[in-house]
Amino acid sequence: MTTYDIFFSILAILCAASGVAAVTTRHLMHAALWLTVCLATLAGCYLVLGAELVALVQLLVYVGAIVVLVLFALMLTRAPIGRSHDHDTPLLQRAVALVIAGSAGVLLGIVLITGVRGGTVRVHGGSTNGLARMLFSTWVWPFELLSLLLLAALVGALAMSRSLVPARATRRTGEDS
């Protein structure tokens, strides 16, 4: 077992544990923060595997943009940040979700084990130059559409927060002008 294997194992355990904590916590803000830890440790896994560009994109796009967008939307829409009994799910629904998640994990494990079959898997890594050529030729339009979708979500959250402002507060600001 090499040092890389040890680092990868530690990061993978932290990533899985924070992912489980993100979906099981009852506090919405804590879930967003656990998601940040999960995505950051996943970027660490990419670094250990030697995919520096993917790790950087993971940090910039997911941790730097998506999580910030989620936190921004939480603050703008005045969602309950603490524990809310109105949004709690029944025990039966949680049990069904646990069974589905467990069976999906077992299925993924079976596929991975039968795919590797105890042998060594050779990875034919590409270069950053080839990846950049693919991103800016073949995949440029999906990325642009995704950025427009995120912009629309941000504008929608802002519009929703403005419509939730009480009329009395709006009148007061109008009198001050």
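If you're wondering where the values come from, they're calculated on a predicted model, not measured in any experiment.

Per-residue confidence for the protein chain gives a mean pLDDT of 81; residues scoring 70 or more make up 85%. Predicted confidence in the protein chain is weakest over helix H7 (residues 167-176), with a mean pLDDT of 52, and strongest over helix H1 (residues 3-24), with 92.

Moving on, we get to the environment of Ala17. Its location among the elements puts Ala17 in helix H1. Distance from Ala17 to Trp34, taken between C-alpha atoms, is 9.2 Å for residues 17 residues apart in sequence.

With respect to the element layout, Leu74 can be found in helix H3 (residues 52-76). The exposure class assigned to Leu74 is buried, which follows from its relative accessible area of 11%.

Summed over all chains, the structure comprises 0 disulfides. As a non-bridged cysteine, Cys45 has Cys15 as the owner of its nearest cysteine sulfur, 5.7 Å distant. According to the relative accessible area criterion, Cys45 is buried, its value standing at 6%.

Calculation rules
- Residues numbered from 1 in each chain as written.
- Predicted model: local features only at pLDDT ≥ 70, side-chain atom pairs only at ≥ 80, totals over all residues.
- Heavy atoms only, no water.
- pLDDT = per-residue confidence, 0-100.
- Helix = DSSP H or I, 4+ residues; strand = E, 2+ residues; numbered from the N terminus.
- Buried < 20%, exposed > 50% of the residue type's maximum accessible area, 1.4 Å probe, protein only.
- Disulfide = S-S within 2.5 Å.

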